[in-house]
Structure formats: structure tokens, C-alpha cells
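# A structural walkthrough
Listed below are the residues making up each chain.
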Amino acid sequence: MIEAYLKKHIAVIQALSGDCVTQIETMIDTITDTLGSGGKLLIAGNGGSAADAQHFAAEMVGRFQLERKAIPAIALTTDTSILTAVGNDYGFDRVFARQVEALAQPNDLFLGISTSGQSGNILQAMEAARQADCRTLCLAGKDGGPMAAQADLALVVPSMETPHIQEAHLTIIHIMCKEIEQRLATGA
């Protein structure tokens, strides 16, 4: 059972290295261009994807591997007062969109993370980002769902299994952190 799980994990990661490298590079270019021109990164997800959003923002604001200037990234998943107030007053589908409406400026970037690509609150945040003249990215899995179709740039992990999609998302996030940090720290 353990060996079978590990083999599936390895197969998904190998599929990324074959099918998704160009998409990962394009996402890194897009994020780096946004940050390099004074924009910020807004990130959201639900459940494990919320943890991924927070992890990504923490690596950008803190550091991944290099000592460097803090990088402006905000996880929209962390303010329980906003999440519960907006959820109560407007509905759960609006918890990220309201934050995007409040925080996003033209030239910012919204990254939605969802293993299914079906999350209504991420879809509404993507629409709010578009209305704020922000580009939208998504990390998804399965068939990408409506998020992949709505995003300016989507990376769909080639798996139907949530745990393996989440593992791949974290790997992608770490690759992005390393490259973004390197480029912004060295001006490359």
C-alpha cells in the first residue's frame, strides 16, 4: 500500500516534468514580471489549498532560500474576522472576491489554487481580479474545471486524486519560490 502510493506520487511528478515545465516557466515569468513592476501577488484556496496559499505567501514575504528584500504576497485565507464577516454577510462564495475588491490594484496578480478547479469562491475572486485589471493564474487538477477556462494562465496537474494534486501543487510552489526569489534577488 505504501509502495503503491509512492509510485503514484512519483508518476504525477514525472508527468509534471514532461508536460508542465513550459507552463511553470510561464507562470514564473508572469509572477516575476508583476512583482518586478511593483505589483503584488494575491493568493487563495480552500482547505489544503488554503494552506498552500499561506505557504507560498510566507515564502515570498519571509524567504525561501536567499536573504533578500521581502516580496509582496498576501494569502487571502488568513484573516478569520474577514472570512467570517464576509461569509456571514455575503456568503462563502464572496470571501475572497471581497478581499480582491479591497486590495487589488491594476498590475497585481491573483493566483487561485483548487484541486478540482470548481471552487465557487475562487471563481468569484478571479472575476473580481479581472474587474480590477489584474491577471489571473490558477493551479488546478483533475480536468481543471471552470477555473482553468477562466484564468489567464492555468496549470492543471495531470491527476484525478486530490492528495497527489496537492503534493504536485506544493512542488510547483517550491519551484516558483526558488526561481522568483533568484530572479528578484539577482535582477536576472
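Residues numbered from 1 in each chain as written. Predicted model: local features only at pLDDT ≥ 70, side-chain atom pairs only at ≥ 80, totals over all residues. Heavy atoms only, no water.

This part takes up helix α2 (residues 21–36). The terminal C-alpha atoms of α2 lie 22 Å apart, and with 16 residues this matches the ideal 22 Å at 1.5 Å per residue to within 8%. Every buried residue of α2 is accounted for by I24, M27, I28, T30, I31, T32, T34 and L35. Contacts made by the buried residues of α2 are with β1 (41–45), α3 (48–61), β3 (109–113), β4 (135–140), β5 (153–156) and α8 (162–186). Among the residues trailing α2, G38 stands out with phi positive, at a value near 95°. (Helix = DSSP H or I, 4+ residues; strand = E, 2+ residues; numbered from the N terminus. Expected span 1.5 Å × (residues − 1). Buried < 20%, exposed > 50% of the residue type's maximum accessible area, 1.4 Å probe, protein only. Contact = heavy atoms within 4.5 Å.)

Time to look at the environment of I24. Structurally, the position occupied by I24 is in helix α2. Using a relative accessible area of 7% as the deciding quantity, one classes I24 as buried. In this structure, the C-alpha to C-alpha distance between I24 and L155, residues 131 residues apart in sequence, is 7.4 Å. Those residues within four positions of I24 in sequence are excluded, and the remaining contacts are L155, I172, I175 and M176.

Tallying each qualifying case throughout the model produces nine salt bridges. Between K7 and E3 there is a salt bridge, with the nearest N and O atoms lying 3.7 Å from each other. Linking K7 with E3, this pair stays in helix α1 (residues 2–19), spanning four residues, or about one helical turn. By the burial criterion, K7 is exposed, and E3 matches it. (Salt bridge = Lys/Arg side-chain N within 4 Å of Asp/Glu carboxyl O.)

We now examine the sheet that holds β3. Taken in spatial order, the five strands line up as β2-β1-β3-β4-β5 in an open sheet, and their pairing is parallel. Whereas interior strands pair on both sides, the edge strands pair on one side only; in this sheet they are β2 (73–75) and β5. Averaged over all pairs of adjacent strands, the angle between strand axes in this sheet comes to 15°, irrespective of strand direction. Here four bridges tie β4 to β5, and the two strands are oriented parallel to one another. Bridge assignment links A140 to a residue of β5, and that residue is V156. (Pairing = 2+ DSSP bridges. Axes fitted to C-alpha atoms, helices over the stretch in contact; angles between N-to-C directions.)

With that out of the way, let us pick up unusual backbone geometry. One can expect most non-glycine residues to show negative phi and most peptide bonds to be in trans. At D133, a position not held by glycine, the phi torsion is positive, near 65°. With respect to the helices, strands and loops of the structure, D133 is situated in the loop between α6 (120–131) and β4.

Turning our eyes to something else, we now look at a nonpolar patch on the surface. A cluster of nonpolar side chains, namely I2, Y5, L6 and I10, defines an oily patch on the protein surface of about 400 Å² accessible area. In this structure, Y5 sits in helix α1. (Patch = residues over 30% accessible without salt bridge, like charges linked within 9 Å, V, L, I, M, F, W, Y side chains within 5 Å. Areas by Shrake-Rupley, 256 points an atom, 1.4 Å probe, with all protein chains shown as cover.)

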